[in-house]
Amino acid sequence: MQLPLTGALISALASLAAAVSPNQQQTTVTLWIPSSQHLPSPQILPSTTHATLTSLRSAFDAPLTAAGSFVFRNVTAGSYLADIHCGTHGFAPLRVDVMPSESGAGEKGGKAGEEMVVKAWETYRGNDWENKGQEVPRSGGEHGRFAVRALGPKEYFIERGSFSVLGILKNPMILMGLVSMVLFLGLPKLVENMDPEMRAEWEEQQKKSPMNALMGGGQQAPNPMGNFDVAAYMAGQGTKKDEGEPSASSNNGGGKKGGKR
């Protein structure tokens, strides 16, 4: 697998920094991609896949090996963001902390790589750096490797929706039309198969229904409020019938008086 130009430059700068400060403690960090549902085999990843460890002061780059791992050598103490750059699949980023060991292995004659403690946690972009996620266990013991979780294949295009008859039938308006058609065609069949007595009772109920008069155009009972004059009532005047009664009573009263005289 070929190392990209940017990765080669970063590795060269990291090696130069390690050569300048030989007394600084260093260690090796290994990441690997396990088989999962989203990625059954890491061997299908393109050869340009690489991983980076970045911090404010340093950066490291490692290519994808045949075993599906990324090996970072000469990593100094610090807090790093581990990213896997791949054109076909996405991976969850990790926070990797490299810190000196508190057991003092260097004083007992241990190697420089054994004096460092490496821990990793899942992290999320946009969150505070101190907001750590679930800790990633290190497989293979103290000097093992950290697993990187595959999120799934990347999608660069949106599939165009295809024509579906079921999609049309799921429309509420189409469903209402189908139900109305079933009732319109099936109700006469149900009435024909009814018992004669039940059918006669049903027809009587339909004749007494007010909706039947409206749909059939039958005559309706006169409305008693039809002759009510709202304007005259608001003006303090009665209806024409009320106005005629006082005049008739006055005429009758005048006739009685005239008869007495």
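Calculation notes
Residues numbered from 1 in each chain as written. Predicted model: local features only at pLDDT ≥ 70, side-chain atom pairs only at ≥ 80, totals over all residues. Heavy atoms only, no water. Core = buried A, V, L, I, M, F, W, Y, C linked by side-chain atoms within 4.5 Å. Buried < 20%, exposed > 50% of the residue type's maximum accessible area, 1.4 Å probe, protein only. Helix = DSSP H or I, 4+ residues; strand = E, 2+ residues; numbered from the N terminus. Contact = heavy atoms within 4.5 Å. Expected span 1.5 Å × (residues − 1). Polar contact = N/O pair within 3.5 Å; in protein donor to acceptor, adjacent residues only side chain to side chain. Pairing = 2+ DSSP bridges.

Trainee: Which residues make up the nonpolar core, and what are the values?
Mentor: V29, L31, L53, F70, F72, F91 and V96 are the most contacted members of the largest nonpolar core, which has 28 residues in total. Elements supplying a minimum of two residues to this core: strand 1 (26–32), strand 2 (50–54), strand 3 (59–63), strand 4 (69–76), strand 5 (78–85), strand 7 (94–100) and strand 8 (116–122). Beyond its immediate stretch of four places on either side in the chain, F91 contacts I33, L39, L45, I84, C86, V148, R149, A150 and L151.

Trainee: Just give me the short version of helix 3 (residues 172–192), but keep the residues and values in it.
Mentor: For helix 3, spanning 21 residues, the distance from its first C-alpha to its last is 31 Å, which sits close to the expected 30 Å at 1.5 Å a residue. Measuring from the backbone nitrogen of M173 back to the side-chain oxygen at the start of helix 3 gives 3.2 Å, which picks out N171 as the cap.

Trainee: Let's hear about the environment of T27: which residues, and what values?
Mentor: Relative to the helices and strands, T27 resides in strand 1. Each C-alpha atom, one on T27 and one on F72, is 8.5 Å from the other, the two residues being 45 residues apart in sequence.

Trainee: Tell me about the sheet that holds strand 1, and name the residues and values.
Mentor: Note on sheets: strands pair through backbone hydrogen bonds, and any given pair is parallel or antiparallel. Taken in spatial order, the four strands make up an open sheet running 4-1-10-9, and their pairing is mixed. Among the strands making up the open sheet, the edge pair consists of strand 4 and strand 9 (138–139). As judged from the six bridges shared by strand 1 and strand 4, these two strands associate in the antiparallel manner. Following the sheet pairing, T27 is matched in strand 4 by V75.

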